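# Report on the structure
Chain by chain, the residues:
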Amino acid sequence: MPFTSNRQFKAAPRLLSKASGMYYATPDGREVLDGTAGLWCVNAGHGRRQIAEAVGRQLAELDFAPSFQMGHPIAFETAERLAAMAPGGPAAGLDRVFFTNSGSESVDTALKIALAYQRAIGQGTRTRLIGRERGYHGVGFGGISVGGLVNNRRMFPLLPGADHLRHTHDPGRNSFTHGEPAHGADLADDLEALVALHGAETIAAVIVEPVAGSTGVLPPPVGYLARLRGLCDRHGILLIFDEVITGFGRLGAPFAVDRFGVIPDLVTTAKGLTNGAVPMGAVFASRAVHDALMNGPEAQIELFHGYTYSGHPAACAAALATLDIYREEGLLTRACDLAGVWDDAIHSLRGLPHVADIRTIGLVAGIDIAPRPKAPGARAYDVFVDCFERGLLVRVTGDTIALSPPLIIEGGDISKTVSILSDALKRVG
């Protein structure tokens, strides 16, 4: 099982057999409130018939078509819909789309596009990729190389030349924050040190999550992303935003690009693109990056890259139906309307046993749990299990409980989330 202590799980399995709206159901009939939108992906809630019916119709009409040297209409329709709502709006020019099947594939695709771009413009010495400590960029060799999850990197060899900025988590100055923490924009200057160490002529791209999710919900300090953008511009380095988690409404705007007003060169997405119904991802590229690759003989493959299932017809149908729901129900901005209620509710946990820090932004929260001596992560895991047994699904990552509910959440669901979590914190020793 992925990212699971297999023996521990199989000794006491936690199974989900049905889902509708805000709730899962277990095989024995218990309801479990989904506090994590599955794995950050079911933004429109579970069991959306509109998506299921669209996928069914598509499978009956065209179940698969090759994407190498061929195309099919629904892939282009989906790309056009995404281009029309691309991060940053029309002025950003991030309206060229490459389809993938997951966040991990989106990351590796974006890294390869960055390398191909630098070579296309005559900067072939730029092969180094820069990530950030406590970053998570999936499980491909590119993603784990630029990522900063220690356990994700410890067992496997990494791409040569990857390096890392420091993470932005500073609880000493930024504890219990609502939104962007006040301190830490200067951490972006780590890029200057890496340029001095390696030489700008060796660095192709920097990749960061606008809000780091899987390592504990770390919002960017005020001004950090803009500062990083300026440094990349100064040194001819591409900037990639990994929006696999933050894309499609999680922060109260369609994308983090829109929320923070900083325009990268490439944006990775997945998860919320299809509401988790069918695996799919998409990389948004700027026209400048795209057009640089469109050179040479017309019969030449400009980007020697792709997947058997890129733009799969059923995935495209799911994406189009999901985008319709987002538009019809205003879900891409709904987190902005709920942010005040969400912040107040989550921060009401401050002062409860074991709560060391709380961070909220959009409809996301990270709650740091003080670890037991010589047992990191054990107490937070027990909170996770206790919540599940009493009807709430939360995410545990190290010593952090992460929350990211579907964007359809209502006030009563928020109150229930906090009540169950509060009781768990009081019970767990």
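Residues numbered from 1 in each chain as written. Predicted model: local features only at pLDDT ≥ 70, side-chain atom pairs only at ≥ 80, totals over all residues. Heavy atoms only, no water.

## A few points about the pairing of strand 9 (residues 238-242)
The element strand 9 is extensively covered by neighbouring structure, given that five of its five residues are classed as buried. Residues of strand 9 alternate between two faces, with Leu238, Ile240 and Asp242 on one and Leu239 and Phe241 on the opposite face, all of them buried. Relative to strand 9, strand 8 (residues 203-208) is paired through four bridges, and the arrangement is parallel. Residue pairing for strand 9: valine 206 is matched across the bridge by leucine 239. Viewed along the sheet, the connection from strand 8 through helix 10 (residues 224-235) into strand 9 turns out right-handed. Relative to strand 10 (residues 266-269), strand 9 runs parallel, the two being bridged by three bridges. Each bridged residue has a counterpart across the sheet, and for phenylalanine 241 the counterpart in strand 10 is valine 267. (Buried < 20%, exposed > 50% of the residue type's maximum accessible area, 1.4 Å probe, protein only. Helix = DSSP H or I, 4+ residues; strand = E, 2+ residues; numbered from the N terminus. Pairing = 2+ DSSP bridges. Right-handed = clockwise from strand over helix to strand, strands pointing away.)

## A word on the packing of helix 15 (residues 378-389) against helix 16 (residues 411-427)
For the pair helix 15 and helix 16, interaxial distance at closest approach is 9 Å and the crossing angle is 130°. Overall, the two elements helix 15 and helix 16 adopt an arrangement that is oblique. Here helix 15 and helix 16 pass one another in a crossing that is right-handed. Counting all contacts with helix 15, which are made through Val383, Asp386 and Cys387, the residues of helix 16 involved are Ile420, Leu421, Ala424, Leu425 and Arg427. Residue classes in the contact of helix 15 with helix 16 are distributed as six nonpolar, no polar and two charged. (Axes fitted to C-alpha atoms, helices over the stretch in contact; angles between N-to-C directions. Parallel < 35°, antiparallel > 145°, perpendicular 65-115°, else oblique. Left-handed = near helix turned anticlockwise from the far one by under 90°. Contact = heavy atoms within 4.5 Å. Nonpolar A, V, L, I, M, F, W, Y, C, P; charged D, E, K, R; others polar.)

## A few points about the sheet that holds strand 9
Strand order across the open sheet formed by seven strands is 4-11-10-9-8-5-6, with mixed pairing between neighbours. Because the sheet does not close on itself, it has two edges, and the strands there are strand 4 (96-100) and strand 6 (163-165). For this sheet, the mean inter-axis angle between neighbouring strands, taken without regard to orientation, is 20°. By the bridge criterion, four bridges tie strand 10 to strand 11 (residues 281-285) in an arrangement that is antiparallel. Residue pairing across strands places threonine 269 opposite alanine 282, the latter belonging to strand 11. Packing against the sheet, helix 9 (residues 190-198) makes contact with strand 5 (128-132), strand 6 and strand 8, and its axis sits at approximately 155° to strand 6.

## Here's the deal with helix 14 (residues 331-347)
Two residues of an α-helix separated by three or four positions point the same way, owing to the 3.6 residues in each turn. Taking 1.5 Å per residue, 17 residues should reach 24 Å; helix 14 reaches 23 Å between its end C-alpha atoms and fits that length. The sharpest bend along helix 14 measures roughly 55° and falls at leucine 338. Those residues of helix 14 lying buried are Leu331, Leu332, Arg334, Ala335, Leu338, Ala339, Trp342, Asp343, Ala345, Ile346 and His347. Elements in contact with the buried residues of helix 14: strand 7 (177-178), helix 13 (313-329), strand 12 (355-361), strand 13 (364-369), strand 16 (400-403) and helix 16. (Expected span 1.5 Å × (residues − 1). Bend = angle between axes of the 7 residues up to and from the residue.)

## Details of the environment of threonine 100
The topology assignment puts threonine 100 in strand 4. Using a relative accessible area of 0% as the deciding quantity, one classes threonine 100 as buried. Through-space distance from the C-alpha of threonine 100 to that of glycine 281 is 4.6 Å; in sequence the pair is 181 residues apart. Only 3.3 Å separates the side chain of threonine 100 from the backbone oxygen of serine 102, close enough to count as a polar contact. A polar contact of 2.7 Å, which involves the side chain of threonine 100, links it to the side chain of serine 106. (Polar contact = N/O pair within 3.5 Å; in protein donor to acceptor, adjacent residues only side chain to side chain.)

## Topic: the pairing of strand 11
Of all the five residues making up strand 11, five are buried; the element is thus mostly covered by neighbouring parts of the structure. In strand 11, alternate side chains face the same way, and those of Gly281, Val283 and Ala285 on one face and Ala282 and Phe284 on the other are all buried. Bridge count for strand 4 against strand 11 is five bridges, and the pairing is antiparallel. Each bridged residue has a counterpart across the sheet, and for arginine 96 the counterpart in strand 11 is alanine 285.

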